[in-house]
Amino acid sequence: MRRWYYLLLLAFANACFAAPNSSNMDEMERILAERGLIAHLQDVRHDMADRTTELVSTAMGFIGVPYRRGGTSAETGFDCSGFVRAIYEQAKGLALPRVAKEQAAATEVIDKKDLRPGDLVFFNTMRRAFSHVGIYLGDGKFIHAPRTGASVRVEDMRVSYWQSRFNGARRVADEQAADEIAAFARQK
(Lines give C-alpha, C1' and ligand atoms only; values in the text may rest on other atoms or scores of the structure.)
Protein backbone atom coordinates (compact mmCIF):
# COMPACT_ATOMS: atom_id res chain seq x y z
CA MET A 1 0.00 0.00 0.00
CA ARG A 2 2.79 2.38 0.92
CA ARG A 3 4.50 1.83 -2.45
CA TRP A 4 1.32 2.94 -4.26
CA TYR A 5 1.21 6.05 -2.10
CA TYR A 6 4.68 7.02 -3.24
CA LEU A 7 3.92 6.21 -6.87
CA LEU A 8 0.84 8.40 -6.61
CA LEU A 9 2.93 11.12 -5.01
CA LEU A 10 5.43 10.85 -7.85
CA ALA A 11 2.63 11.08 -10.41
CA PHE A 12 1.17 14.20 -8.78
CA ALA A 13 4.61 15.78 -8.57
CA ASN A 14 5.24 14.92 -12.19
CA ALA A 15 1.95 16.54 -13.20
CA CYS A 16 2.69 19.65 -11.18
CA PHE A 17 6.15 20.10 -12.66
CA ALA A 18 4.86 19.39 -16.17
CA ALA A 19 2.02 21.92 -15.85
CA PRO A 20 3.36 24.87 -13.82
CA ASN A 21 0.06 26.79 -14.00
CA SER A 22 -1.84 23.96 -12.36
CA SER A 23 -3.94 25.06 -9.39
CA ASN A 24 -2.70 22.07 -7.41
CA MET A 25 0.96 22.95 -7.84
CA ASP A 26 1.25 25.30 -4.87
CA GLU A 27 -0.35 22.85 -2.43
CA MET A 28 1.59 19.85 -3.75
CA GLU A 29 4.84 21.80 -3.80
CA ARG A 30 4.27 22.89 -0.19
CA ILE A 31 3.65 19.28 0.91
CA LEU A 32 6.69 18.00 -0.96
CA ALA A 33 8.87 20.80 0.38
CA GLU A 34 7.76 20.09 3.96
CA ARG A 35 8.90 16.50 3.54
CA GLY A 36 12.09 17.42 1.68
CA LEU A 37 11.07 15.46 -1.38
CA ILE A 38 11.16 18.03 -4.20
CA ALA A 39 14.85 17.73 -5.04
CA HIS A 40 14.73 13.95 -4.70
CA LEU A 41 11.69 13.70 -6.98
CA GLN A 42 13.44 15.81 -9.62
CA ASP A 43 16.45 13.48 -9.41
CA VAL A 44 14.19 10.45 -9.77
CA ARG A 45 12.42 12.01 -12.78
CA HIS A 46 15.77 12.67 -14.50
CA ASP A 47 16.93 9.15 -13.68
CA MET A 48 13.71 7.69 -15.12
CA ALA A 49 14.16 9.74 -18.31
CA ASP A 50 17.74 8.49 -18.63
CA ARG A 51 16.59 4.89 -18.18
CA THR A 52 13.82 5.34 -20.77
CA THR A 53 16.38 6.70 -23.24
CA GLU A 54 18.62 3.72 -22.45
CA LEU A 55 15.70 1.33 -22.97
CA VAL A 56 14.82 2.81 -26.37
CA SER A 57 18.48 2.90 -27.43
CA THR A 58 18.96 -0.70 -26.37
CA ALA A 59 15.87 -1.78 -28.32
CA MET A 60 17.01 0.09 -31.44
CA GLY A 61 20.34 -1.73 -31.24
CA PHE A 62 18.53 -5.00 -32.04
CA ILE A 63 16.98 -3.88 -35.33
CA GLY A 64 17.58 -6.62 -37.86
CA VAL A 65 17.74 -9.52 -35.40
CA PRO A 66 15.65 -12.30 -36.95
CA TYR A 67 12.32 -13.46 -35.56
CA ARG A 68 12.32 -16.89 -33.98
CA ARG A 69 9.29 -18.38 -32.25
CA GLY A 70 10.18 -18.86 -28.59
CA GLY A 71 13.38 -16.88 -29.12
CA THR A 72 14.82 -14.93 -26.23
CA SER A 73 18.24 -13.71 -27.38
CA ALA A 74 19.96 -11.82 -30.18
CA GLU A 75 22.09 -14.88 -30.87
CA THR A 76 19.12 -17.18 -31.56
CA GLY A 77 16.49 -14.60 -32.53
CA PHE A 78 13.48 -13.16 -30.74
CA ASP A 79 9.76 -13.58 -30.68
CA CYS A 80 7.78 -10.50 -29.64
CA SER A 81 7.59 -11.14 -25.91
CA GLY A 82 11.14 -12.53 -25.77
CA PHE A 83 12.34 -9.29 -27.34
CA VAL A 84 10.44 -7.11 -24.87
CA ARG A 85 11.61 -9.18 -21.93
CA ALA A 86 15.26 -9.09 -23.06
CA ILE A 87 15.20 -5.31 -23.58
CA TYR A 88 13.69 -4.59 -20.16
CA GLU A 89 16.09 -6.97 -18.47
CA GLN A 90 19.14 -5.53 -20.21
CA ALA A 91 18.21 -1.84 -20.00
CA LYS A 92 16.37 -1.69 -16.68
CA GLY A 93 17.25 -4.91 -14.88
CA LEU A 94 13.55 -5.84 -14.69
CA ALA A 95 12.40 -9.40 -15.35
CA LEU A 96 9.04 -9.29 -17.12
CA PRO A 97 6.97 -12.43 -17.60
CA ARG A 98 7.83 -14.47 -20.70
CA VAL A 99 4.50 -14.41 -22.58
CA ALA A 100 2.80 -11.29 -24.03
CA LYS A 101 -0.51 -11.98 -22.29
CA GLU A 102 1.30 -12.32 -18.94
CA GLN A 103 3.28 -9.14 -19.63
CA ALA A 104 -0.03 -7.34 -20.14
CA ALA A 105 -1.41 -8.72 -16.88
CA ALA A 106 1.72 -7.75 -14.93
CA THR A 107 1.86 -4.12 -16.06
CA GLU A 108 -0.18 -0.99 -15.43
CA VAL A 109 -3.03 -0.19 -17.83
CA ILE A 110 -2.70 3.22 -19.44
CA ASP A 111 -4.72 5.08 -22.04
CA LYS A 112 -3.35 5.18 -25.58
CA LYS A 113 -3.17 8.98 -25.40
CA ASP A 114 -0.82 8.67 -22.40
CA LEU A 115 1.78 6.54 -24.18
CA ARG A 116 5.41 7.46 -23.52
CA PRO A 117 8.58 5.96 -24.99
CA GLY A 118 9.29 2.66 -23.28
CA ASP A 119 5.63 1.75 -22.69
CA LEU A 120 4.31 -1.55 -23.99
CA VAL A 121 1.77 -1.74 -26.81
CA PHE A 122 -0.33 -4.87 -27.34
CA PHE A 123 -2.12 -6.19 -30.39
CA ASN A 124 -4.53 -8.98 -31.25
CA THR A 125 -2.74 -10.67 -34.15
CA MET A 126 -3.85 -14.26 -33.55
CA ARG A 127 -7.55 -13.82 -32.81
CA ARG A 128 -6.85 -13.58 -29.10
CA ALA A 129 -6.20 -10.65 -26.84
CA PHE A 130 -2.62 -9.65 -26.12
CA SER A 131 -1.10 -12.06 -28.63
CA HIS A 132 1.56 -9.55 -29.75
CA VAL A 133 3.64 -6.94 -27.91
CA GLY A 134 6.08 -4.18 -28.82
CA ILE A 135 7.81 -1.22 -27.18
CA TYR A 136 6.45 2.25 -27.91
CA LEU A 137 9.08 4.68 -29.22
CA GLY A 138 7.04 7.87 -29.53
CA ASP A 139 5.34 9.63 -32.45
CA GLY A 140 3.08 6.63 -33.08
CA LYS A 141 6.00 4.28 -33.69
CA PHE A 142 6.87 1.02 -31.95
CA ILE A 143 9.62 -1.58 -32.19
CA HIS A 144 8.93 -5.29 -32.17
CA ALA A 145 9.84 -8.74 -33.45
CA PRO A 146 6.97 -9.22 -35.93
CA ARG A 147 6.77 -12.73 -37.38
CA THR A 148 8.57 -15.68 -38.94
CA GLY A 149 10.66 -14.55 -41.90
CA ALA A 150 10.98 -11.00 -40.59
CA SER A 151 13.30 -9.29 -38.13
CA VAL A 152 13.11 -6.74 -35.33
CA ARG A 153 11.92 -3.48 -36.84
CA VAL A 154 10.13 -0.18 -36.22
CA GLU A 155 6.55 0.25 -37.44
CA ASP A 156 3.85 2.87 -37.28
CA MET A 157 0.85 2.05 -35.06
CA ARG A 158 -1.32 4.35 -37.18
CA VAL A 159 -1.32 2.12 -40.26
CA SER A 160 -4.61 0.30 -40.62
CA TYR A 161 -3.23 -3.19 -39.84
CA TRP A 162 -1.92 -2.19 -36.40
CA GLN A 163 -4.70 0.29 -35.68
CA SER A 164 -7.39 -2.37 -36.17
CA ARG A 165 -5.54 -4.86 -33.96
CA PHE A 166 -4.53 -2.51 -31.13
CA ASN A 167 -5.35 -4.19 -27.82
CA GLY A 168 -4.11 -1.75 -25.24
CA ALA A 169 -1.18 0.07 -23.72
CA ARG A 170 0.65 -0.75 -20.53
CA ARG A 171 3.36 0.83 -18.43
CA VAL A 172 5.99 -1.11 -16.58
CA ALA A 173 5.97 0.23 -13.02
CA ASP A 174 9.36 1.46 -12.01
CA GLU A 175 9.71 -0.36 -8.71
CA GLN A 176 13.16 1.09 -8.11
CA ALA A 177 11.87 4.67 -8.29
CA ALA A 178 9.07 3.82 -5.86
CA ASP A 179 11.55 2.13 -3.53
CA GLU A 180 13.92 5.13 -3.72
CA ILE A 181 11.13 7.55 -2.82
CA ALA A 182 9.93 5.32 0.03
CA ALA A 183 13.47 4.97 1.42
CA PHE A 184 14.07 8.69 1.21
CA ALA A 185 10.75 9.49 2.91
CA ARG A 186 11.56 7.06 5.75
CA GLN A 187 14.82 8.95 6.36
CA LYS A 188 12.96 12.23 6.91
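The shown structure was predicted, so the numbers you read here are calculated from the model rather than taken from an experiment. (Residues numbered from 1 in each chain as written. Predicted model: local features only at pLDDT ≥ 70, side-chain atom pairs only at ≥ 80, totals over all residues. Heavy atoms only, no water.)

**Things to note about the overall build of the chain**
Move 1: Looking only at helices and strands, the chain features seven helices and eight strands.
Move 2: Buried positions account for 44% of the 188 residues belonging to the chain.
Move 3: Pairs at least 24 apart in sequence give 55% of the contacts found in the chain among residues at least 6 apart.
Move 4: When the accessible area of the chain is evaluated, it comes to approximately 10,300 Å², of which 51% is carbon and sulfur surface. (Helix = DSSP H or I, 4+ residues; strand = E, 2+ residues; numbered from the N terminus. Buried < 20%, exposed > 50% of the residue type's maximum accessible area, 1.4 Å probe, protein only. Contact = heavy atoms within 4.5 Å. Areas by Shrake-Rupley, 256 points an atom, 1.4 Å probe, with all protein chains shown as cover.)

**A look at the side chain of E155**
Move 1: On the secondary structure map, E155 appears in strand β7 (residues 153-156).
Move 2: Here H144 takes part through its side chain, which lies 2.8 Å from a polar atom of the side chain of E155.
Move 3: A distance of 3.0 Å separates the side chain of E155 from the side chain of W162, its partner in a polar contact.
Move 4: Discounting chain neighbours no more than four positions away, the residues touching E155 are G140, K141, F142, H144, P146 and W162. (Polar contact = N/O pair within 3.5 Å; in protein donor to acceptor, adjacent residues only side chain to side chain.)

**Describing the sheet that holds strand β5 (residues 132-138)**
Move 1: Spatially, the six strands line up as an open sheet ordered β3-β8-β4-β5-β6-β7, and their pairing is antiparallel. Strands at the two margins of the open sheet, each flanked by one partner only, are β3 (108-110) and β7. Direction aside, the axes of adjacent strands within the sheet are offset by 40° on average.
Move 2: Packing of helix α4 (residues 80-92) onto the sheet brings it into contact with β4 (120-123), β5 and β6 (141-144), and relative to β5 it is tilted by some 50°. (Pairing = 2+ DSSP bridges. Axes fitted to C-alpha atoms, helices over the stretch in contact; angles between N-to-C directions.)

**Overview of the environment of L137**
Move 1: Relative to the assigned elements, L137 resides in strand β5.
Move 2: Those residues in contact with L137 that lie beyond four places of it in its chain are V56, M60, P117, F142, I143 and V154.

**A word on the confidence of the model for the chain**
Move 1: On average, residues of the chain score 80 in pLDDT, and 64% of them reach the 70 mark or higher.
Move 2: Taken as a whole, residues 16-21 scores under 50 in pLDDT and shows eight contacts with residues more than four places along the chain or in a different chain.
Move 3: Considering only residues more than four positions removed or in separate chains, one finds that residues 176-185, a stretch of pLDDT under 50, has 22 contacts. (pLDDT = per-residue confidence, 0-100.)

**With respect to the packing of aromatic side chains**
One pair of aromatic rings is described through two measures. These are the centre distance and the angle between the planes.
Move 1: All chains considered together, the criterion is met by eight aromatic pairs.
Move 2: Between F62 and F78, the ring centres sit 5.6 Å apart and the planes meet at 90°, which makes this aromatic pair edge-to-face. Taken together, the residues F62 in the loop between α3 (38-60) and β1 (72-73) and F78 in strand β2 (residues 77-78) connect sequence positions 16 residues apart. Both residues of the pair, F62 and F78, count as buried.
Move 3: Chaining the aromatic ring pairs together yields one cluster made of F123, F142, Y161, W162 and F166. (Phe/Tyr/Trp six-rings, centres within 6.5 Å; stacked < 30°, edge-to-face > 60°.)

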